[in-house]
Amino acid sequence: MTAQLVEIRFKGNRKAFFRWHEPEPLRPEEPVIVETDRGLDLGHVSSTGAAASTKCARCALRAQGQAAPDPAERAASDAAAGDEPAAPPAPEPPAPSPEPERRVIRRATTADTRVAEELRLAEDDVRRRVRERVAAHHLEMKVSDAEWQWDRNKLTVYFTAERRVDFRNLVRDLASQFRTRIELRQIGVRDEARRLDGIGRCGRELCCSWLPELRPIGLQIAKDQRLSLNPVQISGACGRLLCCLRFEHEFYVHARKRFPKEGKVLATARGNEKVVSVDIFRERVTLRTEDGTARTVPLADLKREVDAAAGGGEGTQSPLAAVPHPPPDADDAAGPPPSPVPPAPAAPAAAAPAEPPAAPERRRGRRGGRRRHRRRP
């Protein structure tokens, strides 16, 4: 019998993979007891089957540093450089999913769930006491969260700090107070927001709380979406760039492929017009003529105008193709007039006498001058 691969979710959106060896499969959101490094813990089933296998293989590749580049980022970089998008590489065979060493012990009972709820309520007092001890040791660190293991064999304290902190004395102090193994784990501000969760400026749950992975976000993504580069307007609750910029980036890249590039000159019914801006949501394009007159037209109407201006026949421009710049002067572009009388053929030149062989080049010294050999007496 093949063991079932399941993804288990713990407090603070912390997830891990386990094996379930019983014949009856587990269902999503079902509480289970799993084995850990030091004892047992309680979690809820997040995903099973093919979804869990895909996530497990992805985590293994990311841990090995073999994650493939984002196709949307590659297309955006090609578009910014003015090149044609590169063809996607041939699909590689999927990597085998690593075998999780830990397993699910059993399904959680009502009593097990009640114990976990009591521990969640006690963690508020634990966090307060830890903050008091941090202040007593004069450490520059911010305690974000505390998490009890289900069997109370370990207490994990999450904190953020701008630099490394020597908390060895703090660990001894906390171990003497709580009589258990203490683990202090430093996390980033984005991981802190993911653990604590909250409501974003859009009125919905923070994206980092449900995203499968926190990928890096740069200003180039905001530029591709034509957003303001003011950090105050594009930053989230954690102070970093909004996570929604990442998973919405692919939509913007594919949507802009249907529109002409800004700054492109198009041949329309009114002559040559320059693309000023595009609106991918309303599907409108703002154009400006050579005399400075601006107008906004739907994308479908613009395509019809470009097709009508291009006309039929061979050698016509494709829709939304750039208009070549005219030559500076018509006379220069026409070239010199053709000669009415063909020039007489030139007489063959006489063979030149052979030149004498060149003398071998003399060796020069280090300073560029000729070497002078002294005669021996």
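Each remark here, short or long, concerns the structure printed above.
First, a word on what this report is: a plain description of the structure on this page. Chains are numbered independently. Their residues run from 1 in the order of the written sequence. Where local features are concerned, this predicted model is filtered to residues with pLDDT of at least 70; where side-chain atom pairs are given and counted, the filter is 80 or more; whole-chain, interface and lining totals use all residues. Processing note: side-chain calculations cover all non-hydrogen atoms of the structure and skip hydrogens and water entirely.

## Observations concerning the nonpolar core
- The definition of a nonpolar core used throughout is a set of buried Ala, Val, Leu, Ile, Met, Phe, Trp, Tyr and Cys residues joined through side-chain atoms within 4.5 Å. With a 1.4 Å probe rolled over the protein chains alone, any residue whose accessible area is under 20% of its type maximum counts as buried; one over 50% counts as exposed, and the rest are partly exposed. Ranked by size, the top nonpolar core spans 17 residues in total, and within it V126, V130, M141, L155, L174, F178 and L184 carry the most contacts.
- Of all the elements in the fold, those that place two or more residues in this core are α3 (110-136), β6 (142-148), β7 (154-160), α4 (168-178) and β8 (181-186).
- Of the residues forming this core, the biggest block, four residues, is contributed by α3.
- Excluding residues within four positions of it along the chain, V126 makes contact with A146, W148, L155 and F178.
- The next biggest cluster of nonpolar side chains, apart from the first, holds 14 residues, and it includes C207, C208, L242 and L245. Secondary structure counts use DSSP, requiring at least four H or I residues in a row for a helix and at least two E residues in a row for a strand, with both numbered from the N terminus. Between two residues, a contact is recorded if the distance between any of their heavy atoms is within 4.5 Å.

## Here we look at the sheet that holds strand β1 (residues 4-9)
- Only when DSSP finds a minimum of two bridges between them are two strands counted as paired. Ordered in space as β2-β1-β4-β3-β5, the five strands form an open sheet in which the pairing is antiparallel. Both edges of this open sheet fall to β2 (15-20) and β5 (104-107), since each of them pairs with a single strand only. Across the sheet, the mean angle from the axis of one strand to that of its neighbour is 45°, orientation sign disregarded.
- The sheet contact formed by β1 and strand β4 (residues 39-48) spans four bridges and is antiparallel. Counterpart to I8 in the pairing with β4 is V45.
- Angular values range over 0 to 180 degrees, each being the angle between N-to-C directions of two axes fitted as lines to C-alpha atoms, with helices fitted over their stretch in contact. Packing against the sheet, α3 makes contact with β3 (31-36), β4 and β5, and its axis sits at approximately 105° to β4.

## Structural notes on unusual backbone geometry
- You will see that R152, though not glycine, has its phi angle at about 60°, which is positive.
- Tracing the backbone shows R152 in the loop between β6 and β7.
- For R152, a relative accessible area of 45% translates into the label partly exposed.
- Even without glycine at this site, R179 takes up a positive phi of about 55°.

## Description of the sheet that holds strand β11 (residues 284-289)
- As summarised here, the arrangement of the four strands in space is β9-β10-β11-β12, forming an open sheet in which the pairing is antiparallel. Either end of the sheet is taken by a strand with one partner, and the two such strands are β9 (265-268) and β12 (294-298). Mean inter-strand twist for the sheet, computed between neighbouring axes without regard to direction, equals 45°.
- Here β11 pairs with β12 via five bridges, running antiparallel. Of the residues in β12, the one forming a bridge with R284 is P298.
- Contacting β9, β11 and β12, helix α9 (residues 299-310) runs over the sheet at an angle of about 75° to β9.

## Here we look at the packing of α3 against α4
- Across the interface, α3 lies against α4 with an axial gap of 10 Å and an inter-helix angle of 140°. The angle between the axes of α3 and α4 places the two elements in the oblique class. Seen from above, α3 lies across α4 with right-handed handedness. Together, V126, R129, V130, R133 and V134 of α3 and L170, D173, L174, Q177 and F178 of α4 make up the contact between the two elements.
- In the scheme used here, Gly and all other residues not listed as nonpolar or charged are polar, with Ala, Val, Leu, Ile, Met, Phe, Trp, Tyr, Cys and Pro taken as nonpolar and Asp, Glu, Lys and Arg as charged. Residues belonging to the contact of α3 with α4 are distributed by class as follows: six nonpolar, one polar and three charged. Any angle from 65 to 115 degrees is called roughly perpendicular, while one under 35 is roughly parallel, one over 145 is roughly antiparallel, and all others are oblique. The sense of a crossing depends on the near helix, which, turned anticlockwise from the far helix by less than a right angle, makes the crossing left-handed and, turned clockwise, makes it right-handed.

## What to know about the state of the cysteines
- Here, a disulfide means two cysteine sulfur atoms that sit within 2.5 Å of each other. Under the criterion given, the structure shown has zero disulfides.
- Note on C238: no disulfide assigned, nearest cysteine sulfur contributed by C243 at a separation of 6.1 Å.
- Lacking any disulfide linkage, C244 is separated from the closest cysteine sulfur, that of C207, by 5.1 Å.

## Let's talk about the environment of R194
- Following the sequence through the fold, R194 ends up in helix α5 (residues 189-196).
- With a relative accessible area of 14%, R194 lands in the buried category.

## Some remarks on the packing of aromatic side chains
- Only Phe, Tyr and Trp rings take part, Trp by its six-membered ring, and two of them pair if their centres are within 6.5 Å. Stacked means planes under 30 degrees apart, edge-to-face means over 60, and tilted covers everything else. Tallied over the full model, the rule gives six aromatic pairs.
- Judged by centre distance (5.7 Å) and plane angle (75°), the rings of F159 and F167 are edge-to-face.
- Taking the centre distance of 6.0 Å and the plane angle of 85° together, the rings of Y252 and F281 count as edge-to-face. Linking Y252 in helix α8 (residues 249-256) with F281 in the loop between β10 (271-279) and β11, this pair joins segments that are 29 residues apart in sequence.
- F281 sits in the exposed class, given a relative accessible area of 58%.
- Aromatic ring contacts, followed pair by pair, group F251, Y252 and F281 into a single cluster.
- For a lysine, the NZ atom is tested; for an arginine, the CZ atom; a charge sits over a ring if that atom is within 6 Å of the ring centre and within 35 degrees of the ring normal. The ring of W148 has R152 lying over it, and the distance from NZ or CZ to the ring centre is 4.3 Å.
- Sitting above the plane of the Y158 ring, R195 keeps its charged end 3.8 Å from the centroid.

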